[in-house]
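Observations on the three-dimensional arrangement
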Amino acid sequence: MKKLYILTLNLLCVAACYAQEHNMSANYVAPTDELVKTKLQNWQKLKFGLFMHWGTYSEWGVVESWSICPEDEGWTQRKGPYGADYNTYVKAYENLQTTFNPVKFDPDKWVKAAKDAGMKYVVFTTKHHDGFSMFDTKQTDYKITDPKTPFSSNPKANVTKEIFKAFSKENFMIGAYFSKPDWHSKNYWWPYFPPKDRNVNYDPAKHPDQWQKFKDFTYNQIGELMTDYGKVDILWMDGGWVRPKSTIDTTVDWQKAITFNQDIDMPRIAEMARKKQPGLIMVDRTVAGPYENYTTPEQQVPDKPLDHPWESCITMGNSWSYVPGDKYKSANEIVTLLIKIVSRGGNLLMNIGPGPDGDWDPVAYSRLQQIGSWIKVNGEGIYNSTSVAPYSEDNIYYTKADKGNTIYAFVTSAKDQVTLPASITLHLQDINKVKNVVLLGSGKKVKWKADKGTVNITIPAALQTGSGLTQAAVFKVQY
Ligand code: GLC
């Protein structure tokens, strides 16, 4: 009995800690700027976006940035020939800049694959925690366009610009991922002290001039991204430990460990950024307040609708960055994730890590293609939809069309080929007003009856196994 009690307690703690560690922040503050509100509403209709983590770390096929962070976490372990001694490792890591040459880089190919899969927005790592800028910044030479980097002589060397341009042409919303911490900047990890952990390694209150330099550097880099890269819709800022001390949530483990006030002056950044990009959506991740316009649960799906705009960011493989031989989720798993997320009112931001040659693993293309086949038939129940009670029951998930009186019931399948049961029961409100039920993609009518608060659908035997549908069947219920 005692064992069971302890086990239950442990499970509860694991669940709570999981939510905290995975970047779900509470206390949402809605934006007041009309342009931001409108853009946010439009973004919520898009439902499916592409995330990309790409940098020199892809050359070694190791975790993005974290292997140079002196913390003893599972994901920070150093591997490979330079693994043993920290300083040698960091030197070799930063030296990757001199060999980065992704000659297969072709953003149009990515746009095509993403568009065919039904993705509508993109978020790209312009700079991750390691500080390597994937854009032509003037604030540092630790960047892809520096002459030390072989790819700098390529006409597409400013990859952020090329990616934003290519995706904009196809009307994607454009998101710039930007890490607030910068482990290369001498004003963040001051070489006078060794770095101790992910945080700034000196007290900004004791060395305000140095911290001011870091604030200006950040402001200037974001300024460049907001000025020279066309229309940017989302500024997705990671590294939540760079935050005013007053905003720390001490119930979250990694926030408890933040020793110093790391106020980067977000109001100043926001004012400048929104002057250049009116209506810009700001995502100051985990820093609940006016600059976290939507929340970003990471590698997880909230178990019910949230009362504010949100997006689950989830890897297609196991890792955010390219790892050779990474195991990719199946198209079936991805479609199921998308359905769950959309039925709870969120967006899915699906990550693919480009390799050191500048292309994706062929498996990623094939997954996108399968997802696209499904979206072409069933996308009308995904885009522009809102969540609707009862949200889900067993393996049935609901969405409601933004306009018109239509509800979609998604019946997920554990296998690629859908096998339908002989009957399906939907619990819907206003069933007396139901006019028609159609199975999308089958071209066949199904029999249905509204009765005692339920809609009962009968599936003819031939259709149960012979629907030809993949991943999930969608019933369109018209009022
Ligand atoms: C995790 C990773 C970080 C990555 C982020 C994306 O926090 O530690 O490297 O950029 O997820 O959401």
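Remember, it's a predicted structure, so these values are computed and weren't measured experimentally. (Residues numbered from 1 in each chain as written. Predicted model: local features only at pLDDT ≥ 70, side-chain atom pairs only at ≥ 80, totals over all residues. Heavy atoms only, no water.)

**Some remarks on the domain arrangement of the chain**
Domain annotation for the chain reports domain 1 (2-381) and domain 2 (388-478). The distance between the C-alpha centroids of domain 1 and domain 2 comes to 37 Å. Each partner contributes to the interface: domain 1 provides 17 residues, whereas domain 2 provides 20 residues. Summed over both partners, the interface of domain 1 with domain 2 buries about 1,500 Å², with 57% contributed by carbon and sulfur atoms. (Domains from an automatic or database assignment. Contact = heavy atoms within 4.5 Å. Buried area = accessible area lost by both parts, 1.4 Å probe.)

**Things to note about unusual backbone geometry**
As a rule of thumb, non-glycine residues mostly have phi less than zero, and peptide bonds are mostly trans rather than cis. Proline 390 follows alanine 389 through a cis peptide bond whose omega is 5°. By secondary structure assignment, the location of proline 390 is in the loop between helix 11 (362-378) and strand 8 (392-393). One non-glycine residue with positive phi stands out, namely threonine 286, at about 70°. Counting through the fold element by element, threonine 286 comes out in the loop between strand 5 (281-284) and strand 6 (311-315). (Helix = DSSP H or I, 4+ residues; strand = E, 2+ residues; numbered from the N terminus.)

**What to know about the nonpolar core**
Membership of the largest hydrophobic core comes to 102 residues, with the highest contact counts inside it found for Phe167 and Trp360. Among the elements that line this core, the one with the most residues is helix 10 (residues 331-343), at 8 residues. Inspection of this core shows a minimum of three residues originating in each of domain 1 (2-381) and domain 2 (388-478). Among all residues touching tryptophan 360, those that are not within four sequence positions of it are Leu50, Met52, Trp110, Ala113, Ile352, Pro354, Tyr365 and Leu368. Among the nonpolar cores identified, the runner-up in size contains 25 residues, and Tyr398, Leu439, Leu469 and Phe475 belong to it. (Core = buried A, V, L, I, M, F, W, Y, C linked by side-chain atoms within 4.5 Å. Buried < 20%, exposed > 50% of the residue type's maximum accessible area, 1.4 Å probe, protein only.)

**So, the site of the ligand**
The environment of the ligand is made up of His53, Glu64, Trp66, His128, Tyr177, Trp236, Asp238, Arg285, Glu298, Cys313 and Trp320. At 3.3 Å from an oxygen atom of the ligand is found a side-chain nitrogen or oxygen belonging to arginine 285. Contact between the ligand and glutamate 298: an oxygen atom at 3.1 Å from a side-chain N or O atom of the residue. Within the complex, 90% of the 310 Å² of free accessible area of the ligand lies under protein. Of the residues contributing to the shell around the ligand, the split by class is 5 nonpolar, 2 polar and 4 charged. (Near = heavy atom within 4 Å. Polar contact = N/O pair within 3.5 Å; in protein donor to acceptor, adjacent residues only side chain to side chain. Areas by Shrake-Rupley, 256 points an atom, 1.4 Å probe, with all protein chains shown as cover. Nonpolar A, V, L, I, M, F, W, Y, C, P; charged D, E, K, R; others polar.)

**Quick notes on the UniProt feature "site: May be important for catalysis" (unreviewed entry) in the chain**
Feature annotation in UniProt assigns "site: May be important for catalysis" (unreviewed entry) to the following positions: Cys313. Its place among the elements puts cysteine 313 in strand 6. For cysteine 313, the contacting residues outside a window of four places in its chain are Phe51, Trp236, Arg285, Thr296, Pro297, Glu298, Gln299, Trp320 and Leu349. (UniProt positions renumbered as here; feature names shortened; annotations may be inferred.)

**Some thoughts on the side chain of lysine 215**
With respect to the element layout, lysine 215 can be found in helix 7 (residues 208-227). Residue contacts for lysine 215: discarding those within four places in its chain leaves Asp263, Ile264, Asp265 and Arg268.

**Quick notes on helix 10**
Counted at 1.5 Å a residue, the expected span for helix 10 with its 13 residues is 18 Å, and the 18 Å between its end C-alpha atoms agrees. Most of helix 10 is tucked away: 11 of the 13 residues are buried. Burial in helix 10 covers these residues: Ala331, Asn332, Ile334, Val335, Thr336, Leu337, Leu338, Ile339, Ile341, Val342 and Ser343. One or two positions beyond helix 10, positive phi appears at glycine 345, with a value near 85°. (Expected span 1.5 Å × (residues − 1).)

**Points about helix 7**
Spanning 20 residues, helix 7 covers 28 Å between terminal C-alpha atoms, matching the ideal 28 Å at 1.5 Å per step. Where helix 7 is concerned, the buried positions are Gln210, Trp211, Phe214, Lys215, Phe217, Thr218, Gln221, Ile222, Gly223, Glu224, Leu225 and Met226. Residues of helix 7 that are buried make contact with strand 2 (121-127), helix 6 (159-169), strand 3 (173-179), strand 4 (234-238) and helix 9 (266-276).

**Details of the pattern of salt bridges**
Pairing between side chains of opposite charge can happen when the charged atoms of each approach one another. The final tally for this structure, using the stated rule, is 20 salt bridges. Of the charged contacts in the structure, one is a salt bridge between glutamate 34 and lysine 37, with a shortest N-O distance of 3.1 Å. With glutamate 34 and lysine 37 both in helix 2 (residues 34-46), this residue pair falls 3 residues apart, about one helical turn. What makes glutamate 34 exposed here is its relative accessible area of 52%. Classification of lysine 37 as partly exposed rests on a relative accessible area of 30%. (Salt bridge = Lys/Arg side-chain N within 4 Å of Asp/Glu carboxyl O.)

**Things to note about the sheet that holds strand 11 (residues 423-427)**
Pairing is antiparallel in the open sheet, where 3 strands are placed in the order 11-14-13. The open sheet is flanked by strand 11 and strand 13 (447-451), the only strands paired with a single partner. In this sheet, neighbouring strand axes are inclined to one another by 20° on average, regardless of whether the strands run parallel or antiparallel. (Pairing = 2+ DSSP bridges. Axes fitted to C-alpha atoms, helices over the stretch in contact; angles between N-to-C directions.)

**Brief notes about the environment of lysine 39**
Relative to the elements of secondary structure, lysine 39 occurs in helix 2. Taking the relative accessible area as the measure of exposure, lysine 39 reaches 13% and is therefore buried. Separated by 421 residues in the primary sequence, lysine 39 and proline 460 place their C-alpha atoms 45 Å from one another. Setting aside anything within four residues of it in sequence, one finds lysine 39 in contact with Met173, Lys231, Asp233, Pro278, Gly279, Leu280 and Ile281.

**Things to note about the environment of histidine 308**
One can find histidine 308 in the loop between strand 5 and strand 6. In this structure, the C-alpha to C-alpha distance between histidine 308 and asparagine 27, residues 281 residues apart in sequence, is 9.8 Å. Ignoring sequence-local partners within four residues, the contact set of histidine 308 consists of Tyr28 and Thr295. In this structure the side chain of histidine 308 is engaged in a polar contact, spanning 2.9 Å, whose partner is the side chain of aspartate 307.

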